[in-house]
Amino acid sequence: METAALKHQLKEQIIQFLNLTTVKPEDIKDDQPLFGEGLGLDSIDSLELIALLERIYGIKINDPKEGRKILVDVNTMIAYIQQHRTK
Amino acid sequence: MSMFYIHQSVCVSAQKTNGVIDLDDIQPIKDNKLQAIEPNYDAIPPAMYRRMGRAVRLASGAALPLLNTLTFNGIVMGTANGGLEDCIKFLNQIVDYNEGKLTPTNFVQSTTNAIASQLAFFSANKGYNNTHVHRGLAFENAALDVGMMLNEFPDNSYLLGGIDEISAYQYNIESLANMYKKEVVLNTELYNSKTAGCIPGDGCAMFAVNKQKTGATAKLKAIGTLHTDKEEDVTQYLKHFIEKNVKDDALNLFLSGENGDSRYLPYYNACKKIVLNVKTEGFKHLCGEYATASSFALWLACYKIKSNNLKNVLIYNNFRGKQHSFMLVGDV
């Protein structure tokens, strides 16, 4: 899958997993921080995103430090997915 | 036990009980259910709202108007099932992902005490926080808990609530157990039905209660509960309850929890014979059947006492013919 299509798919999955009912995929910028001032996600959301990566892309993140580097924005998530996906 | 005064109440139900109250305009069943009309959730922060299950949403919508204007020393809720939809989603995750990585949201929302704790978060209430889960007597036990707390701390005020949700999964499971009507029965025709099963419903009623008479709208004078499947036990209990609590006071209305299920109607008919000269009304055609529907009945009793100048209302409810409760509500 092309990177642009994969990004759009990931944004849809983030909205679905986190029940962001008022957000559309086009509202999420590729380099917008997921946590804090950006999309405003919190620690519970980070666990939901880790489950998303495992269930949909077969990526297991066991080290919290590794998770912090991956779950920065859509760009960092996509880069990691493209390198490590098993599904 | 000396019970307590009810000062304010909010009811979220399938009827127009929240905001502008209109009980004459009876809302019909939808998909054979009487699901509560969800209130306005604008006051709930979006980050919280997106994680809330239906039970937590209904309770938050009903409680926020009270939490925003009053101060409580504790929050006491009754719910048989809590966030059942999220509970089932969580259990399904365990199966679907082979006991692998599970997400916290469904689990957090599924615990029965998520409701009372969410309300405590909203109001930064660090006081007594308790949830009673005794199926069809969950709300009554919550009310008894508040009564005991007020006996111990008579200057305190408590938020008392009863909540249950009807979820798609629950509807399917309970339907298989023959709990609901197999044929379509309009809620306006509920008491003419001769078949087994009821119309499922859900909702939430919240009450601001304390021991202060001034400003109160009604008084919960007494509660009685019993577990039995024997009709004679129920009638004996009711006779004793009336002798002990009603005495010479006028009883103006008997609110009967009959739900159109022919299997449980004998209990109600037997009780009606004891209060033969008292006007009888049902309430399950308004709210449907759920384990804490008695909280709707208490709200309705308060509303009728105030709007019709009644002196005493007696509520009888039973849950599946085994859990029975009587509540005596009076004017102030």
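Residues numbered from 1 in each chain as written. Chains lettered and ligands numbered in written order. Predicted model: local features only at pLDDT ≥ 70, side-chain atom pairs only at ≥ 80, totals over all residues.

Colleague: What exactly am I supposed to notice about the overall build of chain B here?
Modeller: In terms of helices and strands, chain B carries eleven helices and ten strands. For a compact globule of 332 residues, the expected C-alpha radius of gyration is about 20 Å, and chain B comes in at 19 Å, within 12% of that figure. On the principal axes, the C-alpha backbone points of chain B span a range of 60 × 50 × 35 Å. Per-residue burial for chain B yields a buried fraction of 50% across its 332 residues. Taking all contacts inside chain B whose residues are at least 6 apart in sequence as the whole, residues at least 24 apart take part in 78%. (Helix = DSSP H or I, 4+ residues; strand = E, 2+ residues; numbered from the N terminus. Rg over C-alpha atoms; globule rule 2.2 N^0.38 Å. Buried ≥ 20, exposed ≤ 12 C-beta atoms within 10 Å, placed from the backbone. Contact = placed C-beta atoms within 7 Å.)

Colleague: I would appreciate a short explanation of the overall build of chain A in the present structure.
Modeller: For chain A, the count of helices and strands is four helices and zero strands. Starting at the N terminus and ending at the C terminus, chain A contains elements arranged as α-α-α-α. A compact globule built from 87 residues should have a C-alpha radius of gyration of about 12 Å, and chain A, at 12 Å, falls within 12% of that. Seen through its principal axes, chain A has C-alpha atoms that stretch 30 × 30 × 20 Å. Looking at chain A residue by residue over its 87 residues, the buried ones come to 22%. Expressed as a percentage of contacts within chain A between residues at least 6 apart in sequence, the contacts between residues at least 24 apart total 55%.

Colleague: Looking at this structure, I do not really get unusual backbone geometry. What am I missing?
Modeller: The phi torsion of most residues other than glycine is negative, and most of the peptide bonds are trans. Residue and element names in this part refer to chain B. At D31, a position not held by glycine, the phi torsion is positive, near 55°. Relative to the helices and strands, D31 is located in the loop between β1 (4–12) and α1 (46–49). A residue is classified by how many C-beta atoms lie within 10 Å of it, and D31, with 9 of them, is exposed. The phi dihedral of N98 is positive, around 50°, even though this residue is not glycine.

Colleague: Quick question: what am I supposed to make of the interface of chain B and chain A here?
Modeller: Accessible area lost during the coming together of the parts is what is often quoted as the interface size. Contact residues are listed per partner, giving nine residues for chain B and 13 residues for chain A. Those elements that place two or more of their residues in the side of chain B that touches chain A are α1 and α4 (104–110) of chain B. Across the side of chain B that touches chain A, the residue classes tally to four nonpolar, two polar and three charged. (Nonpolar A, V, L, I, M, F, W, Y, C, P; charged D, E, K, R; others polar.)

Colleague: Would you explain the sheet that holds strand β7 (residues 253–256) of chain B in this entry?
Modeller: The pairing of strands in a sheet comes from backbone hydrogen bonds and takes either a parallel or an antiparallel form. All names here are of chain B. Here we have ten strands laid out as an open sheet, ordered β3-β2-β4-β5-β1-β6-β10-β9-β7-β8, and mixed in their pairing. Sheet topology places β3 (128–132) and β8 (279–282) at the edges, where each strand pairs with a single neighbour. Strand after strand, the sheet turns through a mean of 25° between neighbouring axes, direction not considered. For strand β4 (residues 157–164) and strand β5 (residues 203–210), the ladder comprises eight bridges, and the chain directions are antiparallel. Bridge assignment links I163 to a residue of β5, and that residue is C204. Set on the sheet, helix α2 (residues 54–67) makes contact with β1, β4 and β5; between it and β5 the angle comes to about 35°. Along the sheet, helix α11 (residues 293–308) makes contact with β1, β2 (74–78), β4, β5, β6 (218–227), β7, β9 (312–319) and β10 (323–330), crossing β9 at roughly 165°. (Pairing = 2+ DSSP bridges. Axes fitted to C-alpha atoms, helices over the stretch in contact; angles between N-to-C directions.)

Colleague: Help me understand the confidence of the model for chain A in this model?
Modeller: On average, residues of chain A carry a pLDDT of 91, and 100% of them reach 70 or more. Summarising per-element confidence for chain A, the mean pLDDT is lowest in helix α3 (residues 64–70) of chain A (86) and highest in helix α4 (residues 74–84) of chain A (95). (pLDDT = per-residue confidence, 0-100.)

Colleague: Looking at this structure, how should I read helix α1 (residues 3–18) of chain A?
Modeller: Along an α-helix, residues three or four positions apart point the same way, because every turn accommodates 3.6 residues. Residue and element names in this part refer to chain A. The end-to-end C-alpha separation of α1 is 22 Å, in line with the 22 Å expected for 16 residues at 1.5 Å each. Three or more residues of α1 are buried, namely L10, K11, I14 and L18. All buried residues of α1 fall inside an arc of 100° around its axis, so they share one side. Across α1 from its buried face, at more than 90 degrees, point the exposed residues A5 and Q16. Against the buried residues of α1 lie α2 (43–57) and α4. Remark: N19 follows α1 within two positions and exhibits a positive phi of approximately 55°. (Expected span 1.5 Å × (residues − 1). Arc of directions from axis to C-beta.)

Colleague: Help me understand the pairing of β9 of chain B, please; the structure alone is not making it clear to me.
Modeller: For a regular strand, the rule is simple: side chains alternate between the two faces of the sheet. Residue and element names in this part refer to chain B. By the criterion of burial, β9 is predominantly enclosed, with eight of the eight residues buried. Across the two faces of β9 the burial is the same, with N312, L314, Y316 and N318 and V313, I315, N317 and F319 all buried. Looking at chain direction, β7 and β9 are connected through four bridges and run parallel. Bridged to F254 within β9 is L314. In the sheet, β9 pairs with β10 via eight bridges, with the strands oriented antiparallel. Considered in β10, the bridge of V313 is made with V329.

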